[in-house]
Amino acid sequence: MRVSSALLAALGPISAHALATANWTTQSIYQVLTDRFARPDGSTAACSDLRSYCGGTWQGLISKLDYIQNMGFTAVWISPIVKNIEVYTAYGYPYHGYWAQDIYQLNSHFGTAADLKQLSTELHNRGMYLMVDVVVNHFAANTAPQNVDYSQFNPFNSADKFHSYCPIDFNDDNSVIKCWLGDTTVPLPDVKTEDSGVRSTYNTWIANLTSFYGIDGLRMDTTLEVEKDFWPGFQSAAGCYLVGEIFDGDPSIFPDWLNYISGTLNYPVYFWLTQAFQSTSGSMTNLVNGLNTMKGQMKTLTLGSFLENHDNPRFPSLTSDLSLDKNAIAFSMLMDGIPIVYQGQEQHFSGASDPNNREALWTSGYATNNDLYPWITKLNQIRTLAIKSDSQYVNYQAWPTSPNSKTITLRKGFAGAQIVSVHSNIGASGSSYSVSLTSDYTGFTANQALTEVMACTTTTTDSSGTLSITQGPNTQVFFPTAKLSGSTICNGTSGGGSGGGSSCTTVAVTFNEIVTTSVGQTIKVVGSIAALGNWATGSAVALSASQYTSSNHLWQTTINIAPGTTFQYKYINVASSGAVTWESDPNRSYTVPSSSCSAVSTSDTWR
């Protein structure tokens, strides 16, 4: 769908939900391959050709949001949404969404504009967020490079908007930027992103796209293949967090990239983590040293941490040992950064190369009583509770150490609300052994009561604060027992119980503001807490005008805030020039209910 200025005017002012980077650091992301997550009719028959479209849609995804939210995820990353080439190539159809033909139209296999807007609204009504995958580096063609018909592309429909063909050489930085991905069968014409006209077109397009559909964040495909100075302007136009794909294991290149884009996928740790846990002889030393190297070079809180995605072999394709998978998943979710789990990890899917690592999730029956769905749920719960307990939790750079060749421990969080996790690669048949962690490392105090939240058992440090445990095949995660009070994790007590159910660590608060605006104006909410920008207008949260009509001038957004939080807030009107107009005094006040987890809302009118 082309989001034209005429259409925008007809629909009234539209604004992106625009979740700031700082707020993304507290989220947990579930990656969806749209075509493989859920069919709209609920059918679960296997897909006969994994290189073709299998029938997953945005409506199908909407129908299964409970499955994602009940696992503790607060954001959903979906496949690219634009129209792709419509041909069965030597590698199949572009069911994945990465072979664009027309960025002004949606991929009709996934649904309509109304469906995508409904998905955005449904997520926001749950206090969740929408991340969309975007490709700016290339388009696609089903012909030899010299025969590409550029007129089929929109908006860049002439050869002068693309680099001349050359096969990409990843050992040559200039080639990485200007040469083509793909091959001579399905080449991916490389867009001339250094061209000022191309940049202007892309920036206008992404600003309209995020605004029209209420998109909160973007995953940027092939970031490494686009020149660095393209990204600041694009990110500013998008008005939200960008996490870039820099498919490289060298940590030394990442600090400079973070000067140009708000976040990246953490590929260096992906490689070290996989190596450490894919067998019982994996190297913990490389993982510890690598993490400490990255800590010394950059702030890691905006990186996306992951163990699997659609581009890499699934972890269980490397080992069938479930305990090794549990350890690796736990580490990826408790380390620095924003956790990302790829659909099917919770079902222990084991596909290796593309397309086998892109299985249809519906073949699992969306089981929730298996080994990994509850495991991932508990990890999300304890991370969320730690963030609720200490607003600085995500800013603490995790401290890894390796007591022995089979063990890596990770402390994240300042004293009082820290998570200390112990991970092992001895495997399911390995023998238990003793581990002792001193107070200097853990931050735990003398005779402090702790709960191991994965099994809901309790322990106490000794008189010097040392934590002494017996370590078996599975990760152990220790948290101060007193901090569990009021949660449903391990019944919120000193142990026992299954710890099932969703921990009420946040409440979805919807801000409704009635205000008359003009095209180009954006209403935002700013307030006295971090979630509302701490009164900094540059960190204010944008409201969406997706429900704005000529008779109902409603701007709306939903933010997750801890129960019992009392705060002050105001609305501001931000012009396209950046000029800010505040509503009049006094400040508004609100207290999030502490007795219920149900979503709540405000009903305000501009003053």
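Residues numbered from 1 in each chain as written. Predicted model: local features only at pLDDT ≥ 70, side-chain atom pairs only at ≥ 80, totals over all residues. Heavy atoms only, no water.

In this section: the overall build of the chain. Scanning the chain from terminus to terminus reveals 15 helices and 28 strands. The C-alpha radius of gyration of the chain comes to 24 Å, within 12% of the 25 Å expected for a compact globule of 607 residues. The principal-axis extents of the C-alpha atoms in the chain amount to approximately 75 × 60 × 45 Å. Out of the 607 residues belonging to the chain, those deemed buried represent 58%. Taking the contacts inside the chain whose residues are at least 6 apart along the sequence as the reference set, 69% of them involve residues at least 24 apart. (Helix = DSSP H or I, 4+ residues; strand = E, 2+ residues; numbered from the N terminus. Rg over C-alpha atoms; globule rule 2.2 N^0.38 Å. Buried < 20%, exposed > 50% of the residue type's maximum accessible area, 1.4 Å probe, protein only. Contact = heavy atoms within 4.5 Å.)

This part is about the sheet that holds strand 5 (residues 129-134). Strand-to-strand pairing in sheets goes through backbone hydrogen bonds, with the strands running parallel or antiparallel. The 8 strands lie next to each other as 10-9-8-5-2-1-12-11, forming an open sheet whose pairing is parallel. Of all strands in the sheet, those bounded by a partner on one side alone are strand 10 (263-264) and strand 11 (304-306). Pairing of strand 5 with strand 8 (residues 217-220) involves 4 bridges; the strand directions are parallel. Bridge pairing in strand 8 links Val132 to Leu218. Its contacts with the sheet put helix 6 (residues 113-125) on strand 2 (75-78) and strand 5, and the angle it makes with strand 5 is roughly 140°. (Pairing = 2+ DSSP bridges. Axes fitted to C-alpha atoms, helices over the stretch in contact; angles between N-to-C directions.)

Attention now moves to helix 14 (residues 372-389). Between its first and last C-alpha, helix 14 extends 26 Å over 18 residues, near the 26 Å set by a 1.5 Å rise per residue. In terms of burial, helix 14 is largely enclosed, as 14 of its 18 residues are buried. (Expected span 1.5 Å × (residues − 1).)

Helix length check: helix 13 (residues 322-334), at 13 residues, gives a terminal C-alpha distance of 18 Å against a target of 18 Å (1.5 Å per residue), a fit within 8%. Within helix 13, 12 of the 13 residues are buried, leaving the element largely enclosed by the surrounding structure. Here helix 13 has its buried residues at Ser323, Leu324, Asp325, Lys326, Asn327, Ala328, Ile329, Ala330, Phe331, Ser332, Met333 and Leu334.

The biggest cluster of nonpolar side chains holds 119 residues, and the ones touching the most others in it are Ile68, Tyr202, Leu218 and Phe234. Looking at this core, the element that brings in the most residues is helix 14, giving 9 residues. Ignoring anything within four residues of it in the chain, the contact list for Tyr202 reads Ile103, Val135, Val136, Phe139, Phe156, Val191, Thr193, Phe230 and Phe234. If you look at the next biggest cluster of nonpolar residues, it comprises 37 residues, including Ile29, Tyr129, Leu265 and Val600. (Core = buried A, V, L, I, M, F, W, Y, C linked by side-chain atoms within 4.5 Å.)

Further remarks concern the sheet that holds strand 21 (residues 507-514). Spatially, 24-21-28 is the arrangement adopted by the 3 strands of the open sheet, whose pairing is mixed. Unpaired on one side and paired on the other, strand 24 (554-561) and strand 28 (600-605) mark the two borders of the sheet. Neighbour-to-neighbour, the strand axes of the sheet open up by a mean angle of 20°, direction not taken into account. Relative to strand 28, strand 21 runs parallel, the two sharing 6 bridges. Within strand 28, the position partnered with Val509 by the bridge is Val600.

The next thing to look at is the environment of Leu19. Structurally, Leu19 can be placed in the loop between helix 1 (5-11) and helix 2 (21-24). For Leu19, a relative accessible area of 5% gives the class buried. For the pair Leu19 and Asp216, spaced 197 residues apart in sequence, the C-alpha separation works out to 5.1 Å. Discounting residues that sit within four places of it in the chain, Leu19 has contacts with Trp24, Gln27, Tyr129, Asp216, Cys240 and Tyr241.

Once that is clear, we can look at the state of the cysteines. A full pass over the atoms with the stated rule returns 3 disulfides. Here Cys166 pairs with Cys179 through a disulfide, and the sulfurs are 1.9 Å apart. With the S-S bond torsion at -100°, the cross-link from Cys166 to Cys179 turns out left-handed. Note that Cys166 is positioned in the loop between strand 5 and helix 7 (173-178) and Cys179 in the loop between helix 7 and strand 6 (181-182), a separation of 13 residues in sequence. Overall, Cys179 belongs to the buried group, its relative accessible area being 7%. (Disulfide = S-S within 2.5 Å.)

Between Asn154 and the following residue, Pro155, the backbone shows a cis peptide bond with an omega angle of 15°. A cis amide bond, omega 0°, links Asp585 with the succeeding residue Pro586. Mapping Pro586 onto the fold places it in the loop between strand 26 (580-582) and strand 27 (588-591). Positive phi, close to 55°, is recorded for Tyr366, a residue that is not glycine. Residue placement: Tyr366 occurs in the loop between strand 12 (338-342) and helix 14. Using a relative accessible area of 11% as the deciding quantity, one classes Tyr366 as buried. Positive phi outside glycine occurs at Trp535, with the angle close to 70°. Along the polypeptide, Trp535 turns up in the loop between strand 22 (522-527) and strand 23 (541-542).

Turning to the confidence of the model for the chain, a few remarks are in order. In regions of low pLDDT, the predicted coordinates are not meant to be interpreted in detail. Of all residues in the chain, 95% attain a pLDDT of 70 or more, and the chain-wide mean is 93. Within the model, the stretch residues 494-503 combines pLDDT values under 50 with 28 contacts to residues more than four positions away or in other chains. (pLDDT = per-residue confidence, 0-100.)

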